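Tertiary structure, described
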Amino acid sequence: MRKTVTFGGITAEPGTKKSGWAPVLDTDYKLPVTVINGVDNGKTILLTSSIHGCEYPSIEAVFRVAETLDPKEVSGAIVVINPVNVDGFLTRTPYLVPRDGKNLNRLFPGDPEGTLGDKIAYVLTEDFQKKVDFHLDTHGGDIPETQLSYVYYPGISEAKEALRISEEAAEYVLHAEFLIKSQAVNHAYNYAAILGIPSLMLELGDNARWTEEEVSLYLENIYNVLRYLKVLPGEAEKRHRDIKRITEGEYLDADYSGRWYAFVGREDSVKKGQKIGEIRDLFGNVLKEYYAEYDGVVLMVVSTLAIKEGAPIIAYGR
Ligand SMILES: [Zn+2]
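A quick note: this is a predicted structure, and the numbers were derived from the prediction, not measured.

1. Some thoughts on the sheet that holds strand E18 (residues 275–280)
Spatially, 4 strands are ordered E19-E18-E16-E21 in an open sheet, and the strand pairing comes out antiparallel. Each having just a single partner strand, strand E19 (286–291) and strand E21 (306–307) make up the two edges of the open sheet.

What follows is the structure in structure tokens.
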């Protein structure tokens, strides 16, 4: 017999879907949650979007999953939080939680005594990640990011089985240019893997654009992974298109605020020692030059002229 499930105070009986607002500790901030409880037993999946507020193809795709998926088709449960960063989404703030200026996807496992971003990460970890079997987190290129499509899987955890399932699940993401083994630990999906919960992070779309085609591709990716996890009926399809495998990545952040000039574009090859960009002050003086440390390919370039110290500028990998 399928059981009733409750997440963040939102309870769904077998074969039903319930939406509501989950509180975040002692704050006035709430997370929009939809619990889709199936009729048959199966895994419980956490599906999140808008940890970064303006990565629209993912956000729209996950809205559609929450609004259109029939619980009668589901085995197990799908718990959707979207947008996680409600304020960032509504105020069109790239990367950051507006109230504390922190990048939520660097704060896991969070801190109940911290600022709002720390508390959101803490609640996501304690009340959601720890109660599920898989975490699928969805992203894309935020307002300043020119990039391609990626599937990231966690590379660091004592829980080897969680890493194995994550890597296997990545083979079922149909539309992506790059497959990246992540060495990070404080992103939402990385922390899930450290807890022993397999996970993936998907990225598709860039510069906060969104088209119907991108949303459709995103939905195909999400639904195929859900079929692989057997929470949706039907045979999951393995990816048949070529994908570039990245085993090492450099993610550079700005050392200064000022003007950012990139000398390479997304997908360009870079050679070791090649100048890839520089930051100038407001009078044109060069503050910092950036050079590739090894031969690789450009994964993401920030396209805005203005840059703030600490913000991402470029990523490349091999
Ligand atoms: Zn993101």
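Next comes the rest of the account.
2. Focus on the packing of helix H1 (residues 56–68) against helix H6 (residues 212–228)
Where H1 contacts H6, the axes come no closer than 8 Å and their chain directions differ by 60°. Taken together, H1 and H6 sit at an angle that is classed as oblique. With respect to the hand of their crossing, H1 and H6 are arranged in right-handed fashion. Contacts between H1 and H6 pair Pro57, Ser58, Glu60, Ala61, Val62, Arg64, Val65 and Thr68 from the former with Glu212, Glu214, Val215, Tyr218, Leu219, Ile222 and Tyr223 from the latter. For the contact of H1 with H6, a count of residues per class yields 9 nonpolar, 2 polar and 4 charged.

3. Quick word on the pattern of salt bridges
Applying the stated rule across the entire model yields 21 salt bridges. A salt bridge links Asp28 to Arg99; its shortest N-O distance comes to 2.9 Å. Of this pair, Asp28 sits in the loop between strand E3 (17–23) and strand E4 (30–37) while Arg99 is found in the loop between strand E7 (96–97) and strand E8 (102–103), placing the two residues 71 residues apart along the sequence. You can call Asp28 exposed: its relative accessible area is 59%. The class for Arg99 is partly exposed, based on a relative accessible area of 48%. For Glu161, the salt bridge is made with Arg164, and the minimal N-O distance between the two is 2.9 Å. One end of the pair is Glu161 and the other is Arg164, both in helix H4 (residues 160–170) and 3 residues apart, which spans about a single turn. Residue classification places Arg164 among the partly exposed positions, given a relative accessible area of 42%. Among the ionic contacts, a cluster of salt bridges with common partners joins Lys275, Glu278, Arg280 and Glu289.

4. Remarks on the nonpolar core
Ranked by size, the top nonpolar core spans 37 residues in total, and within it Ile78, Val151, Leu200 and Ile222 carry the most contacts. Elements that contribute at least two residues to this core include exactly strand E5 (40–49), H1, strand E6 (75–81), strand E9 (134–139), strand E11 (150–154), H4, strand E13 (199–203) and H6. Here the element with the most residues in this core is H6; it accounts for 8 residues. Apart from residues no more than four positions distant in its own chain, Ile222 is found in contact with Leu47, Ala61, Val62, Val65, Leu136 and Thr138. Counting 32 residues, the second-largest nonpolar core is a separate cluster that includes Leu31, Leu104, Val123 and Tyr191.

5. Observations concerning the sheet that holds E6
If you trace the 9 strands from one edge of the open sheet to the other, you get E3-E4-E6-E5-E9-E13-E11-E12-E14, paired in mixed fashion. The sheet is open, and its two borders are formed by E3 and strand E14 (244–246), each paired with just one other strand. Taken pair by pair, the neighbouring strands of this sheet meet at an average axis angle of 20°, ignoring direction. With 5 bridges joining them, E11 and strand E12 (residues 178–182) adopt parallel strand pairing. Paired with Tyr150 across the bridge in E12 is Phe178. Sheet strands in contact with helix H3 (residues 116–128) are E3, E4, E5 and E6, and its direction is about 20° off that of E4.

6. Description of the packing of aromatic side chains
Each aromatic ring pair is characterised by the separation of its centres together with the angle its planes make. Across all of its chains, the model carries 8 aromatic pairs by this definition. Between Phe63 and Phe89, the ring centres sit 6.0 Å apart and the planes meet at 70°, which makes this aromatic pair edge-to-face. Separated by 26 residues along the polypeptide, Phe63 in helix H1 and Phe89 in helix H2 (residues 86–90) bring together distant segments of the chain. Looking at Phe89, the relative accessible area reads 23%, which means it is partly exposed.

The rules behind the values
- Residues numbered from 1 in each chain as written.
- Predicted model: local features only at pLDDT ≥ 70, side-chain atom pairs only at ≥ 80, totals over all residues.
- Heavy atoms only, no water.
- Pairing = 2+ DSSP bridges.
- Helix = DSSP H or I, 4+ residues; strand = E, 2+ residues; numbered from the N terminus.
- Axes fitted to C-alpha atoms, helices over the stretch in contact; angles between N-to-C directions.
- Parallel < 35°, antiparallel > 145°, perpendicular 65-115°, else oblique.
- Left-handed = near helix turned anticlockwise from the far one by under 90°.
- Contact = heavy atoms within 4.5 Å.
- Nonpolar A, V, L, I, M, F, W, Y, C, P; charged D, E, K, R; others polar.
- Salt bridge = Lys/Arg side-chain N within 4 Å of Asp/Glu carboxyl O.
- Buried < 20%, exposed > 50% of the residue type's maximum accessible area, 1.4 Å probe, protein only.
- Core = buried A, V, L, I, M, F, W, Y, C linked by side-chain atoms within 4.5 Å.
- Phe/Tyr/Trp six-rings, centres within 6.5 Å; stacked < 30°, edge-to-face > 60°.

Interpretation in functional terms is not warranted from these geometric data alone.
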